[in-house]
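Here's the letter readout for the chains.
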Amino acid sequence: MEAILTAVLYGSLLLHIGMIAVTMWRVWRGENVIDRLIGADLLSTFTLAILVLIALISQQSIYIDVALGLVALGFVGTIALSKYLADEQMF
Amino acid sequence: MTTFLQIVAIVAVIAGTFFSLVGVVGYVRLPDVYTRLHATGKVGVFGGVLLLAAAVSGTSLSIGKGLVLIALLLIIGPVTSHAIASAAYRVGIPMVGQRNDLQRDGALAGQRLAGEQGQVQDG
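All figures in this text were calculated on a predicted structure; none of them were measured in a lab.

### Re the overall build of chain A
When you go through chain A residue by residue, the secondary structure sums to 3 helices and 0 strands. Its helices and strands taken in sequence order, chain A reads α-α-α from the N to the C terminus. The C-alpha atoms of chain A give a radius of gyration of 16 Å, which is well past the 12 Å a tight globule of 91 residues would have. With the principal axes as the frame, chain A shows a C-alpha extent of 55 × 30 × 15 Å. Across the 91 residues in chain A, those meeting the buried criterion constitute 41%. For chain A, contacts bridging at least 24 residues in sequence account for 47% of all contacts bridging at least 6. Of the roughly 4600 Å² of accessible surface on chain A, 75% is carried by carbon and sulfur atoms. If you average the places of the 4 positive and of the 7 negative side-chain charges in chain A, the two averages end up 11 Å apart.

This is how it looks when you write it as structure tokens:
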């Protein structure tokens, strides 16, 4: 059972890295600024996913703390950027 | 007991990765900004939460932090999608498709860009 879990984890990690590459390509080719903002938000979500996968692979819970910090602070950037795009000023 | 938890972890990781895959395919393939937002919202909520469920059942140390993170993700996903969607509509990005409820109700008119191009499709 242990071997299956690690195999699934490594496969999922590989898939996530491929998905990050696709997202980066899509952000590079993005039609308008909102697409790039969505891509940036998606990339932060994928880093969270990879952190959780590494936490599972290495069986250490320190990575969950890193993911907690990333999520709690990362989404503020997206909201500030979307407000900046909407109203031309952030506050 | 641990093998059962590991089975749960395996199933959760596979499901989480599947939803992330669906989200990315949606992000690349869908026609306009709003439908793409619909797709990427899934990645953050389903992908992350299922992976965290696997992490909570896999590494038995981080149950509290994992549940806090799951609750946080469930709140943050819709909030960011809504913020980006309203920013997109304010900038005046046209909607591909038949229905434009926001414009028909006149609640939030996309002024700037739409004003210049003047081609926000009607409902």
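Next comes the rest of the write-up.
### Structural notes on the interface of chain B and chain A
Each partner contributes residues to the interface: chain B has 45 residues there, and chain A has 48 residues. For the chain B and chain A pair, buried surface summed over both sides reaches about 4000 Å², with 81% attributable to carbon and sulfur atoms. There are 3 salt bridges connecting chain B and chain A. Of the charged contacts in the structure, one is a salt bridge between K65 of chain B and D65 of chain A, with a shortest N-O distance of 3.5 Å. Counting the contacts that link chain B with chain A gives 6 residue pairs in polar contact (both at pLDDT 80 or more). Among the secondary structure elements, those contributing two or more residues to the side of chain B that touches chain A are α1 (2-29), α2 (33-58) and α3 (63-91) of chain B. With 15 residues, the single largest contributor to the side of chain B that touches chain A is α3 of chain B.

Conventions and cut-offs
- Each chain carries its own residue numbering, running from 1 in the written order of its sequence.
- Chains carry letters from A onward and ligands carry numbers from 1 onward, assigned in written order.
- The predicted origin of the model limits local features to residues at a pLDDT of at least 70 and limits the giving and counting of side-chain atom pairs to 80 or more, whereas totals for whole chains, interfaces and linings rest on all residues.
- Water and hydrogen atoms play no part in the side-chain values, which are based on all heavy atoms of the structure.
- Secondary structure follows DSSP: runs of H or I at least 4 residues long count as helices, runs of E at least 2 residues long count as strands, and numbering of each begins at the N terminus.
- Each radius of gyration is computed over the set of C-alpha atoms, and the globule rule expresses the reference value as 2.2 Å times the number of residues to the power 0.38.
- Exposure categories follow from relative accessible area, calculated using a 1.4 Å probe and restricted to protein chains: below 20% of the type maximum is buried, above 50% is exposed, and the middle band is partly exposed.
- Whether two residues are in contact is decided by their heavy atoms: any pair within 4.5 Å suffices.
- Note on areas: Shrake-Rupley, 1.4 Å probe, and residue coverage restricted to the protein chains presented here.
- Only four residue types enter the charge count: Lys and Arg as positive, Asp and Glu as negative, with His and the chain ends excluded.
- Here the site of a charge means NZ on Lys, CZ on Arg, CG on Asp, or CD on Glu.
- Note on terms: buried area is the combined drop in 1.4 Å-probe accessible area of two parts once they are placed together, counting the loss on both.
- We define a salt bridge as a side-chain nitrogen of Lys or Arg found within 4 Å of a carboxyl oxygen belonging to Asp or Glu.
- Here a polar contact means two N or O atoms within 3.5 Å. Within protein one must be a hydrogen donor candidate and the other an acceptor candidate, and residues neighboring in sequence count only if both atoms are side-chain atoms.

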